[in-house]
Amino acid sequence: MKIFKRKIVIPVLLCIVFISTTAFKNDFFEIAKQIEIFTTLYKEINMNYVDETNPGDLMDTAIKSMLDNLDPYTRFMNEQDVEAARINNTGDYTGIGARVKTLKDKLVIVEPYKDYPADKAGLKAGDEIIKVGDILVSDYKDDSGNLLKGSSGSSVNVTFKRNNETKTATIERAEVEIKAVPHYALVNDKTGYVVLSKFNRKASAETSYAIRDLKAQGAERIILDLRGNPGGLLNEAVNVVNLFVPKKQLVVTTKSKVKKYNKQYFTSREPLDTEIPLVVLIDGSSASASEIVSGTLQDLDRAVVIGARSFGKGLVQRPKRLTYGTQVKITISRYYTPSGRCIQSLDYWNRSKDGEAVRVKQENYNEFKTKNGRKVFDGGGIFPDVTINKVKNTTITKAITNSNLIFDFATDYYYKNPTFNIENFKLTDTDFSNFKTYLKNNNFSFVTDTEKALYKAYETSIKENLNDDIKSDYETLISRLKTSKNQAIDEHKDFILKSLTEEIVKRYAYREGLYEYYKTNDPHIQKSTQILGNTVTYMDYLR
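Described below are features of the structure shown in this document. What you are looking at is a predicted structure, and each value in this text was computed from that prediction instead of being measured. (Residues numbered from 1 in each chain as written. Predicted model: local features only at pLDDT ≥ 70, side-chain atom pairs only at ≥ 80, totals over all residues. Heavy atoms only, no water.)

**Some thoughts on the overall build of the chain**
What counts, and what does not: Helix and strand labels come from DSSP, where a helix needs a run of H or I of at least four residues and a strand needs a run of E of at least two; each type is numbered from the N terminus. Taken over C-alpha atoms, the radius of gyration is set against a globule rule of 2.2 Å times the number of residues to the power 0.38. When a residue's accessible area, from a 1.4 Å probe over protein chains only, is under 20% of the maximum for its type it is buried; when over 50% it is exposed; and in between it is partly exposed. Residue contacts follow a heavy-atom distance rule, with two residues in contact if any of their heavy atoms lie within 4.5 Å.
A tally of helices and strands in the chain yields 16 helices and 23 strands. Computed over C-alpha atoms, the radius of gyration of the chain comes to 26 Å, within 12% of the 24 Å expected from 2.2 N^0.38 for 543 residues, which places it in the range of a compact globule. C-alpha extents for the chain along the principal axes are approximately 75 × 65 × 60 Å. The burial tally for the chain puts 44% of its 543 residues in the buried class. Within the chain, residue pairs in contact and separated by at least 24 positions form 67% of the contacts whose partners lie at least 6 positions apart.

**Re helix α15 (residues 523-532)**
Note the following rule: Arc definition: it is the arc formed by the directions from the helix axis to the C-beta atoms. Pairs of N or O atoms within 3.5 Å make up the polar contacts considered here, provided that, within protein, one atom can donate a hydrogen while the other can accept it, and that residues adjacent in sequence are counted only when both atoms are side-chain atoms.
Buried within α15 we find His524, Ile525, Ser528, Thr529, Ile531 and Leu532. Within α15, the buried residues cover an arc of 165° as seen down the axis, which keeps them to one side. You can read the cap of α15 off the contacts: a side-chain oxygen lies 3.1 Å from the backbone nitrogen of His524, and it is on Asp522.

**Considerations on the packing of helix α10 (residues 405-416) against helix α14 (residues 493-521)**
The packing of two helices is summarised by the inter-axis angle and the distance between the axes. This is how the line gets drawn: Axis definition: a line fitted to C-alpha atoms, over the contacting stretch in the case of helices. Angles run 0 to 180 degrees between N-to-C directions. Here roughly perpendicular refers to angles of 65 to 115 degrees, roughly parallel to angles under 35, roughly antiparallel to angles over 145, and oblique to all remaining angles. Left-handed is the label given to a crossing in which the near helix is rotated counterclockwise from the far helix by less than a right angle, and right-handed is the label when the rotation is clockwise.
Running from N to C, α10 and α14 cross one another at 45°; their axes reach a closest spacing of 9 Å. Between α10 and α14, the interaxial angle falls into the category oblique. As α10 packs across α14, the resulting crossing turns out to be right-handed. Note on element contacts: α14 touches α10 through Ser499, Leu500, Glu503, Ile504, Arg507 and Tyr508, opposite Ile406, Phe407, Phe409, Ala410, Thr411, Tyr413 and Tyr414.

**Examining unusual backbone geometry**
A positive phi is found at Asp301, a non-glycine position, where the angle reads about 55°. Exposure remark for Asp301: the relative accessible area of 9% places this residue in the buried category.

**Examining the environment of Lys101**
Take Lys101: it is sitting in strand β3 (residues 98-102). Considered as a pair, Lys101 and Gly145 are 44 residues apart in the sequence and their alpha carbons are 8.0 Å apart. In this structure Lys101 touches Lys106, Leu107, Val108, Val110 and Asn404, once residues within four positions along its chain are discounted. There is a polar contact of 2.8 Å between the side chain of Lys101 and the side chain of Asn404.

**A few points about the nonpolar core**
Generally speaking, nonpolar side chains in soluble globular proteins are found buried as a group. Which entries qualify depends on this criterion: To qualify as a nonpolar core, a set must consist of buried Ala, Val, Leu, Ile, Met, Phe, Trp, Tyr and Cys residues joined through side-chain atoms within 4.5 Å.
Leu196, Phe199, Leu224, Leu278, Val293, Leu297 and Phe444 are the most contacted members of the largest nonpolar core, which has 86 residues in total. Ranked by residue count, the leading element in this core is α14, at 11 residues. The residues contacting Phe199, other than those within four sequence positions of it, are Leu226, Asn229, Gly231, Gly232, Leu233, Glu236, Ala237, Val240, Ala289, Ser290 and Val293. The next biggest cluster of nonpolar side chains, apart from the first, holds 16 residues, and it includes Ala98, Leu147, Val156 and Phe160.

**As for the packing of aromatic side chains**
Rule in force here: Working definition: a ring pair exists when centres of Phe, Tyr or Trp rings (six-membered ring for Trp) sit within 6.5 Å. Plane angles under 30 degrees give stacked, over 60 give edge-to-face, the rest tilted.
What the rule picks out here adds up to 14 aromatic pairs. Three or more aromatic residues joined by ring pairs make a cluster, and in this case those are Tyr413, Tyr414, Tyr415, Phe420, Phe425, Tyr508 and Tyr517.

**Observations regarding the pairing of strand β13 (residues 250-255)**
Worth spelling out the cut-off: Two strands are said to pair when DSSP picks up at least two bridges between them.
Counting buried positions along β13 gives 5 out of 6 residues, so the element sits mostly inside the fold. Where β13 lies against strand β14 (residues 263-266), 4 bridges are found, and the strand directions are antiparallel. Directly across from Thr253, in β14, lies its bridge partner Gln264. With 3 bridges joining them, β13 and strand β18 (residues 327-336) adopt antiparallel strand pairing. By the bridge assignment for β18, Lys255 is matched with Arg334.

**Re a nonpolar patch on the surface**
How we decide: A patch is a set of surface residues, each over 30% in relative accessible area and not in a salt bridge, joined within 9 Å for like charges and within 5 Å for the nonpolar side chains Val, Leu, Ile, Met, Phe, Trp and Tyr. Note that accessible areas follow from Shrake-Rupley with a 1.4 Å probe, and for residues the cover is restricted to the protein chains shown. Salt bridge criterion: a side-chain nitrogen from Lys or Arg within 4 Å of a carboxyl oxygen from Asp or Glu.
On the surface, a nonpolar cluster with roughly 480 Å² of combined accessible area is contributed by Leu41, Ile45, Tyr49, Val50 and Leu58. Tracing the chain through its elements places Ile45 in helix α2 (residues 28-48). A residue is classified by how much of its surface remains accessible, and Ile45, at 32% relative accessible area, is partly exposed.

Geometric values such as these leave the question of function open.
If you want it as structure tokens, here you go:
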């Protein structure tokens, strides 16, 4: 009897939570009916299935499968996820001070933070931790990343592999502060450069401090870099906009089916500087709060936006507490910039036949006007006023990025090249050729949609006894596709070299060194300083 109670306690609690929420009151009977069906099904599976089942795993799969049908931002958060979200929002935690990737049999140091515990202990990017204390990572059944956590001042011994050598280190854990503004500096005598990497609770305060300091050093114009910024807290986005525009300015409007979530967000503080010339940098990874800031400043003609089209996330989430320390983060509304545009680019509610979210077609974009009457559009992210080095996210770029071979090549490069001059560093055609060889030696491959379609057609021909007639044609097409894929790598040479350069520079000079490298080598910053350096050109973009 105890087993029965333990196995159904989760759905019963879910029933209580679901029924008590406002959103379910409109269709109470149907919801109650479906929950009852689910509860009885869950009980019967746990009690009668031929093999032993894990009630927690079943429930976890059921919840995630249900939410997958909505959008990728509405998700269930267990206790560990809730803690990770807290760290992301506050920027403070206790640990070893490094970005770590958890794999099945090892923990890979992705990036040690300068002067934090992992760095002080001598760990470097690419190190593979195989043992924490006396525990082998490969034997640990739960999230092995938790093995590195502990109270400030406590120590942890790690065994790791580097260049096929096994080494050990002792790391003393400490309080770690993840800055929203990891870097700011003068690019030249008159131009300040501020990197805003995330919108946690310190974002606006750190951005304000950086700009004040730069102005004290002589900055008369500002470059705000939001490239790669995935977003964060909406209120902090409003506060960052408020640094550059007056009080009582509308920044963003949220619209929902739930009335209480329909809100308008206005600036509420005295601005830092409403006149200083401003450029905002964005790219395809600038999302959510980054798009609120860049889109609002563009709508108000307060900044020139430079870079590539942003991600296109026009949705707002809110966490809702559940039982046992868990939460569900729910998409509650869409947001709209001051001109009235929603920049959401993927439609999760009218999917394709394959169940995939479809991108809003360009012919369906709606036109809006900025404060000065410039044309801007919805439905596809924030379009920059000046486009630079636009890289289309193709099958090949995704495959190379997801393969981790750029990361691994950078590690290999670092140990083969002990000397490094950041001022004169530039990868050559020989380096690109070496990377292609590295891809080949590591069996890099990717499958295109064309190959999938051809293979499916070929399989059908076999079932219909037609394969003898088309086999040679099929093999010829596949051979030509392989040649095309090799050419595709060459066509994305600039993307590959840029990605390799960034990863290699971080190996030698940390992320701080990468930002210093950007100051003299990044085309976005070069274009920004050029525009900001000419008042007439700058104003022409905003008229």
